[in-house]
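What follows is each chain in one-letter form.
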Amino acid sequence: MKKILIIGLGLIGGSIALGIKRAHPHYEIWGYDRPEVQTIALEQTIIDHAAPNLCSAEQADIILIALPLEATLETLRELAELELKEQVLITDTGSTKQSIIQLAQELFESKKIIFVGGHPMAGSHKSGVRAADVHLFENAYYVLTEENVALRDLLKGLGAKFIIVNPKEHDQVTGQVSHFPHVLASSLVLQAEEYAVTHPLVRQLGAGGFRDMTRIAEADSTMWTGILLSNPDVIIERIETFKEQLDALSVKIKAQDEKGLKHFFDEGKSIRQNMEIHRGAIPNFYDLFVAIPDEKGVVLRILALLQDFSITNIKINEENREDTHGQLQISFKTETDLERAYQIIQLATDFEVRA
Ligand SMILES: NC(=O)c1ccc[n+]([C@@H]2O[C@H](COP(=O)([O-])OP(=O)(O)OC[C@H]3O[C@@H](n4cnc5c(N)ncnc54)[C@H](O)[C@@H]3O)[C@@H](O)[C@H]2O)c1
Ligand SMILES: O=C(O)C(=O)C[C@]1(C(=O)O)C=C[C@@H](O)C=C1
C-alpha cells in the first residue's frame, strides 16, 4: 500500500488529501502540520494518520508539500537531511516555481530522489484546514514543471487538468494572472478606505463590482507577502506596465476621447469573454459559521430559517468546549445569500455568527 505524506494540511494540502482519497481510498495518507491542525484533519478524516515529526518522510513513497513558500524551502532543506526512500517522489504546491525548483535541483539532483514542481491553479481567499474542499480543483489547471505519470495518477482524483509549464514561464504567467491581481485587490481596498475619510459612504455603497474585484484582498497576508518576495521582478514589471496603461487612459479621458474609451472597454470585454476562466475551477463558495449549543434540534432550527436558500454544503465542525457543541458551517454559492442568511440568523437567534 502506498504511503503518502502531506506536509501542510491547510486549504491546499487538505483539499489535495481529499482528492487523493477520492481516487485512491486504499492509500495511507499521513499528514504533518501543527498538532491542532492535525487533530482537525483526523477528526474530518482528511488524513489517516498524524505524522509525529518530519522523520515520517523516511517511510513515505510520495511526499507532497503544501506549505507557504518560505516554509516549503525550509522543509526541502530538512528533507534533504533525512534517509528518504530511493526513488521517493517529492512535489510541492507553491504559487511560484523558480526558487523552489532551483533549491530542489541543488538538494536532490545527486540523490535518487525525484522532485516535480506543482501548482494547482485554484484556491480561495480562505485559509486553513477547515476550508479544505474535495471539489476545489475540479476543472482547474494543475501545473507540473515536468511530466510525471506517477504524480498524475496520485492526483487524478482532484479532477484537474494537468499542464506542463517551465518554472520561469510559470512565474511570469502567474505574476500576471494571480500575483498582480492580488496586489490590485488590496490596493483598491486601501485606496477606497483612504477616500472614505472624506467620503464615508464609500464604506457602504460598494456593490457587486467592488465586491468581485476585492474578494481576494481577504487572502492570507503572510502567504501573499511570501509570493511577492518570491517573484519580485515580474510583479514590479507588471505594476510599471499597469501604471503606463492607466496614464494612457487618463489622456483619453482628459481628451474626451469617446471612441478611444469605448474601444478600451469593448476590447477588455471581448478578451475576458474568450478567456478560459469561465471554465476553470468551481465558483468560490461562501461559508457561514454558526456557533451552536449542544441542544437537540438546534441544527434543524437554523436550517428551517434558511429553507428558501440554495445551500451547497453543510458541515458540523466538532468543538471540544463545554459551552458549545461546535460550529455549523453552511456554504452558499453567492455572497448575497451569505449576507442574507447572516442577517436572518442574527435576528432570529442569539448564536454567534461569522463569515
Ligand atoms: N490559497 C490558495 O488559493 C492557493 C492556491 C494554489 C497554491 N497555493 C499555495 O499552496 C501553499 C499552501 O497554501 P494554503 O492556501 O494551503 O495555506 P494555508 O495557510 O491554508 O495552509 C498552510 C498550512 O501549513 C501549515 N504550516 C505552515 N508552516 C508549517 C511548518 N513549518 N510545518 C508544518 N506545517 C506548517 C499551517 O499550519 C497550515 O495548516 C502555498 O505555497 C500557496 O502559495 C495556495
Ligand atoms: O480563488 C482564489 O481566491 C485565488 O486567489 C486562487 C489563486 C489565484 O487565483 O490567484 C491564488 C493563489 C494561487 O497560487 C492560485 C490561485
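This is a predicted model, so every value here is computed, not measured.

Visitor: Can you help me understand the domain arrangement of the chain in this one?
Guide: The figure often quoted for interface size is the accessible area lost as the parts come together. Structurally, the chain comprises domain 1 (3–165), domain 2 (168–274) and domain 3 (286–354). Centre-to-centre separation of domain 1 and domain 2, based on C-alpha positions: 31 Å. Inspection of the domain 1/domain 2 interface yields 0 salt bridges. On inspection of domain 1 and its partner domain 2, the count reaches 6 residue pairs in polar contact (both at pLDDT 80 or more).

Visitor: Just checking my understanding: could you explain the site of ligand 2 for this structure?
Guide: Taken together, the neighbourhood of ligand 2 is formed by 13 residues, with S95, H119, S178, H182 and R215 sitting nearest. S95 has a polar side-chain atom sitting 2.5 Å from an oxygen atom of ligand 2. A distance of 3.3 Å is found between an oxygen atom of ligand 2 and a backbone nitrogen or oxygen belonging to H125. Relative to its unbound accessible area of 370 Å², ligand 2 is 84% covered by the protein chains. For the shell around ligand 2, the secondary-structure elements that each account for two or more residues are β7 (118–120) and α6 (167–196). Here the shell around ligand 2 is built from residues that sort into 4 nonpolar, 8 polar and 1 charged. Structurally, the shell around ligand 2 is a two-domain feature, drawing no fewer than three residues from each of domain 1 (3–165) and domain 2 (168–274).

Visitor: Just to check I follow, could you spell out the nonpolar core for this structure?
Guide: The tendency in soluble globular proteins is for nonpolar side chains to be buried as a group. With 35 residues, the main nonpolar core has I16, I20, Y142 and L155 as its most contacted residues. Residue contributions to this core peak at 5 residues, all from helix α1 (residues 11–23). Dropping the residues within four chain positions of it, I16 is found in contact with L64, T93, F137, Y142, L155 and L158. One finds A57, L82, I100 and A104 within the second-largest nonpolar core, a separate group that totals 29 residues.

Visitor: I would appreciate a short explanation of the side chain of E28 in the present structure.
Guide: Along the chain, the position of E28 falls in strand β2 (residues 28–32). Of the side chains with opposite charge, K3 lies nearest to the buried E28, which makes no salt bridge, at 4.9 Å.

Visitor: I tried to follow the sheet that holds strand β9 (residues 161–164) on my own but got confused; where do I start?
Guide: Note: strands within a sheet are paired through backbone hydrogen bonds, in either parallel or antiparallel orientation. In space, the 3 strands of this open sheet follow the order β7-β8-β9, with mixed pairing throughout. The strands lining the two open edges of the sheet, one partner per strand, are β7 and β9. When strand polarity is set aside, the average angle formed by the axes of neighbouring strands in this sheet is 20°. Note: β7 against strand β8 (residues 141–144), 3 bridges, orientation antiparallel. If you follow P120 over to β8, its bridge partner there is Y142.

Visitor: Looking at this model, I keep getting lost on a nonpolar patch on the surface. Mind explaining?
Guide: Side chains of I271, M275 and I277 sit close together on the surface and give an oily, nonpolar patch of about 270 Å² of accessible area. With respect to the helices and strands, the residue I277 is situated in the loop between α11 (258–273) and β10 (286–292). A relative accessible area of 49% means that I277 is categorised as partly exposed.

Visitor: Can you walk me through the packing of aromatic side chains in this structure?
Guide: What characterises a pair of aromatic rings is the spacing of the ring centres plus the angle enclosed by the ring planes. This structure, assessed with the given rule, holds 5 aromatic pairs. An angle of 65° between the planes, with centres 5.1 Å apart, marks the rings of F180 and F242 as edge-to-face. With a gap of 62 residues between them, F180 in helix α6 and F242 in helix α10 (residues 232–254) connect regions that are remote in the sequence. Here the aromatic rings of F309 and F332 are separated by 5.8 Å at their centres, their planes lie at 70°, and the arrangement is edge-to-face. Taken together, the positions of F309 in the loop between α12 (298–305) and β11 (311–318) and F332 in strand β12 (residues 326–332) put the pair 23 residues apart, joining distant regions of the chain. Assigned by exposure class, F309 and F332 land together as buried. When the ring centre of W30 is taken as reference, the NZ or CZ atom of K3 above it lies at 4.2 Å.

Visitor: What's the story with the environment of N139 in this structure? I'm lost.
Guide: The residue N139 is located in the loop between β7 and β8 in this model. Taking relative accessible area as the criterion, N139 reaches 43% and is therefore assigned partly exposed. Sequence-wise, N139 and L158 are 19 residues apart; in three dimensions their C-alpha atoms are separated by 8.8 Å.

Visitor: What exactly am I supposed to notice about the packing of α6 against helix α9 (residues 221–230) here?
Guide: Two quantities define a packed helix pair, namely the angle between the axes and the distance from one axis to the other. Where α6 contacts α9, the axes come no closer than 11 Å and their chain directions differ by 120°. If you check the angle between α6 and α9, you find them oblique. Crossing angle aside, the handedness with which α6 passes α9 is left-handed. Where α6 abuts α9, its residues S178, H179, H182 and V183 lie against W224, I227 and L228.

Visitor: It is not clear to me how the sheet that holds β2 should be interpreted in this structure. Could you clarify?
Guide: Taken in spatial order, the 6 strands line up as β3-β2-β1-β4-β5-β6 in an open sheet, and their pairing is parallel. Edge positions in the sheet fall to β3 (49–50) and β6 (113–116), since each of these pairs with one other strand and no more. As judged from the 4 bridges shared by strand β1 (residues 3–7) and strand β4 (residues 62–65), these two strands associate in the parallel manner. Counterpart to I7 in the pairing with β4 is I65. Helix α4 (residues 98–108) rests against β5 (88–92) and β6 of the sheet, and its axis sits at about 175° to β6.

Calculation criteria
- Residues numbered from 1 in each chain as written.
- Chains lettered and ligands numbered in written order.
- Predicted model: local features only at pLDDT ≥ 70, side-chain atom pairs only at ≥ 80, totals over all residues.
- Heavy atoms only, no water.
- Domains from an automatic or database assignment.
- Salt bridge = Lys/Arg side-chain N within 4 Å of Asp/Glu carboxyl O.
- Polar contact = N/O pair within 3.5 Å; in protein donor to acceptor, adjacent residues only side chain to side chain.
- Near = heavy atom within 4 Å.
- Areas by Shrake-Rupley, 256 points an atom, 1.4 Å probe, with all protein chains shown as cover.
- Helix = DSSP H or I, 4+ residues; strand = E, 2+ residues; numbered from the N terminus.
- Nonpolar A, V, L, I, M, F, W, Y, C, P; charged D, E, K, R; others polar.
- Core = buried A, V, L, I, M, F, W, Y, C linked by side-chain atoms within 4.5 Å.
- Buried < 20%, exposed > 50% of the residue type's maximum accessible area, 1.4 Å probe, protein only.
- Contact = heavy atoms within 4.5 Å.
- Lys, Arg positive; Asp, Glu negative; His and termini not counted.
- Pairing = 2+ DSSP bridges.
- Axes fitted to C-alpha atoms, helices over the stretch in contact; angles between N-to-C directions.
- Patch = residues over 30% accessible without salt bridge, like charges linked within 9 Å, V, L, I, M, F, W, Y side chains within 5 Å.
- Phe/Tyr/Trp six-rings, centres within 6.5 Å; stacked < 30°, edge-to-face > 60°.
- Lys NZ or Arg CZ within 6 Å of the ring centre and 35° of its normal.
- Parallel < 35°, antiparallel > 145°, perpendicular 65-115°, else oblique.
- Left-handed = near helix turned anticlockwise from the far one by under 90°.

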